[in-house]
Amino acid sequence: MLAVDLSPRMAALAGAKLAGTGAEVLVGDAVRPPVGERTFDVVLARHMLWMMPDPEDVLRHWTSLLRPGGRLVLIEGVWNGTGLPAARVTAALTPLTEQVRHEPLSADATLWGRPVDDVRYAVVAQLTPTPPAPRQRHREVVAVHLILRRGDEVLLARRSGTGYADGLLNSPSGHVEDGEDVVRAMIREASEEIGLELAPDDLRVALVMQHSGPGGQPRTGWFFEAEYGCGGEPYNREPEKCSGLSWHPLSALPDDMVAYCRAGFDAYREGARFVLHRHADDGAAAYAPGGPDRAVRLPTTTGGLPHHIELWVPELLQAEASWGWLLGELGHVPYQHWEHGRSFRRGDTYVVIEQSPDLRPGGHDRRAPGLNHLAFHVAGRAALDALVARAPEHGWTLLFADRHPYAGGEGHYAAYLTDAAGYEVELVAPARTTRKDEPPERVAQ
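Residues numbered from 1 in each chain as written. Predicted model: local features only at pLDDT ≥ 70, side-chain atom pairs only at ≥ 80, totals over all residues. Heavy atoms only, no water.

1. Some remarks on helix α4 (residues 182-194)
Every α-helix carries 3.6 residues per turn, so stepping three or four residues along brings you back to the same face.
Then, number 1: For α4, which comprises 13 residues, the first-to-last C-alpha distance of 17 Å matches the rise-based estimate of 18 Å (1.5 Å per residue) to within 8%.
Then, number 2: Looking only at α4, the buried set comprises Val 182, Ala 185, Met 186, Ile 187, Arg 188, Glu 189, Ala 190, Ser 191, Glu 193 and Ile 194.
Then, number 3: Residues of α4 that are buried in the fold lie against β8 (141-150), β9 (153-159), β11 (173-175), β13 (218-227) and β14 (242-249).
Then, number 4: Sitting at the head of α4, Asp 181 places a side-chain oxygen 3.1 Å from the backbone nitrogen of Val 183. (Helix = DSSP H or I, 4+ residues; strand = E, 2+ residues; numbered from the N terminus. Expected span 1.5 Å × (residues − 1). Buried < 20%, exposed > 50% of the residue type's maximum accessible area, 1.4 Å probe, protein only. Contact = heavy atoms within 4.5 Å. Polar contact = N/O pair within 3.5 Å; in protein donor to acceptor, adjacent residues only side chain to side chain.)

Listed below in structure tokens is the structure:
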């Protein structure tokens with residue numbers, strides 16, 4: 001705050017009263033206050049303008065001392081014909097400011113300590129505010145995350161010495177640099193962090209997640225899936241940023257993970273592909289078990305895709321043991337449970353097994369007209385091999401063992417399993433290279 005008075009004595013008294021407030025008191029003429037190049041949010045004058053020989057000139061100068069959006073506040077009046085009419089003040093300020101407001105004050109005796117019968121008023125004028133800056137285009141960090149699969153296990157790295165979420169587990173990840181696309185960025189980060197030399201064909205897009213960080217700092221994360229064995233053996237290549245690597249079951253992830261990374265892995269396991277993750281300003285970086293779900297799964301296009309598949313089985317408990325295990329390993333989660341049936345869901349599709357009261361006698365024959373088999377994608381060859389190794393423990397038998405894993409044709413890496421009721425499933429690992437000109441030959445029957 002800055003005050004100006006023409007009298008040195010009055011300025012000294014004012015300075016004494018304002019001592020310790022940070023206010024500055026200057027001696028000078030209010031017509032041209034000695035403030036140099038300084039500008040102000042408010043210029044306030046009380047019962048002073050009426051004494052000036054040229055009020056209009058004074059108002060022009062006082063408004064020049066205001067910052068954009070600043071206000072000029074004047075307390076004036078007319079006493080027994082002496083003073084400055086409000087109409088003259090508002091007329092002078094109208095071309096100089098954006099808006100002028102006149103407030104009568106005579107009727108409020110508390111302002112003056114007694115009732116008054118003369119004219120007293122306030123005029124408040126405001127300059128045009130600074131126009132808002134042009135709206136900036138939305139910008140955000142783009143990050144890449146690697147979901148390295150070893151069967152049901154995924155590789156996680158424990159952060160250390162980074163200054164953010166140290167001590168927590170995170171996927172091998174990093175930021176996209178200028179000139180990179182997300183695939184090249186993922187290949188570079190995998191090499192820098194865990195020593196893998198991946199090729200573009202080794203990567204599959206698993207999930208895209210927009211994350212709103214503390215303070216509204218946005219980022220978009222691309223989660224890529226790769227199979228263990230591609231690009232070599234992973235090792236900790238950045239010990240200054242990572243205290244160690246470890247494998248964890250995707251179906252039982254540890255709680256001490258970075259929250260948005262855990263949200264991405266959970267959504268991936270459930271079959272979601274596009275996710276929003278909202279992080280409150282006061283939210284912890286760590287995943288909070290049992291806390292509010294910060295992730296919002298976005299629906300994808302489903303037109304024409306299977307809604308659900310329903311299998312009628314002769315023995316529900318037996319089918320629940322075999323199908324429940326297999327579907328769980330493939331990322332489905334229990335969905336519905338009733339007396340005669342169960343269902344398992346992944347994304348927008350679910351599989352039903354039911355021992356219906358309307359079931360007719362007779363067993364399932366996959367060679368008879370009707371359903372031959374169901375086919376499911378598997379994350380990779382290592383995941384498929386792990387499923388085949390464990391399948392007998394859960395009621396599944398490998399078909400075409402003499403031609404496994406190429407019973408479906410050369411280059412088609414798959415496993416064919418059948419359960420005790422005769423139902424067949426085909427588990428298909430992604431091809432290492434894409435060949436658009438040659439569809440896989442169907443051999444297995």
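2. Details of the confidence of the model for the protein
Then, number 1: Taken over all residues, the pLDDT of the protein has a mean of 90, while the share at 70 or more is 96%.
Then, number 2: The model gives residues 433-442 a pLDDT under 50, and that stretch makes nine contacts with residues more than four places away or in other chains. (pLDDT = per-residue confidence, 0-100.)

3. Regarding the sheet that holds strand β18 (residues 333-338)
Then, number 1: Sheet architecture is open: four strands sit in the order β17-β20-β19-β18, paired in mixed fashion. At either margin of the open sheet sits one strand with a lone partner, and together these are β17 (308-312) and β18. The average undirected angle you get between the axes of adjacent strands in this sheet is 15°.
Then, number 2: Pairing of β17 with strand β20 (residues 349-354), which is carried by five bridges, proceeds in the parallel orientation. Note that in β20 the partner of Leu 311 across the bridge is Ile 353. (Pairing = 2+ DSSP bridges. Axes fitted to C-alpha atoms, helices over the stretch in contact; angles between N-to-C directions.)

4. A few points about the pattern of salt bridges
Then, number 1: A complete count under the given rule lists 21 salt bridges for this structure.
Then, number 2: Between Glu 24 and Arg 38 there is a salt bridge, with the nearest N and O atoms lying 3.1 Å from each other. Here Glu 24, found in strand β2 (residues 24-27), pairs with Arg 38, found in the loop between β2 and β3 (40-46); they are 14 residues apart in sequence, far enough to count as distant.
Then, number 3: On the basis of relative accessible area, Glu 24 is assigned to the partly exposed category, the value being 34%.
Then, number 4: Among the salt bridges present, the one from Arg 32 reaches Asp 57, with a minimum N-O distance of 3.2 Å. Of this pair, Arg 32 sits in the loop between β2 and β3 while Asp 57 sits in helix α2 (residues 55-64), and the two are 25 residues apart along the sequence.
Then, number 5: For Arg 32, a relative accessible area of 41% gives the class partly exposed.
Then, number 6: Salt bridges linked by common partners bring Glu 177, Glu 180, Arg 188, Glu 189 and Glu 192 together as one network. (Salt bridge = Lys/Arg side-chain N within 4 Å of Asp/Glu carboxyl O.)

5. Section: the packing of aromatic side chains
Then, number 1: Summed over the entire model, instances satisfying the criterion amount to eight aromatic pairs.
Then, number 2: Seen from their ring centres, Tyr 228 and Trp 247 are 5.4 Å apart, and the 85° between their planes marks the pair as edge-to-face. Highlighted residues: Tyr 228 in the loop between β13 and β14 and Trp 247 in strand β14, separated in sequence by 19 residues.
Then, number 3: We note Arg 120 situated over the ring of Trp 112; from NZ or CZ to the ring centre the distance is 4.7 Å.
Then, number 4: For the cation-ring pair, Arg 262 lies above Tyr 287, with the distance from its terminal atom to the ring centre recorded as 4.1 Å. (Phe/Tyr/Trp six-rings, centres within 6.5 Å; stacked < 30°, edge-to-face > 60°. Lys NZ or Arg CZ within 6 Å of the ring centre and 35° of its normal.)

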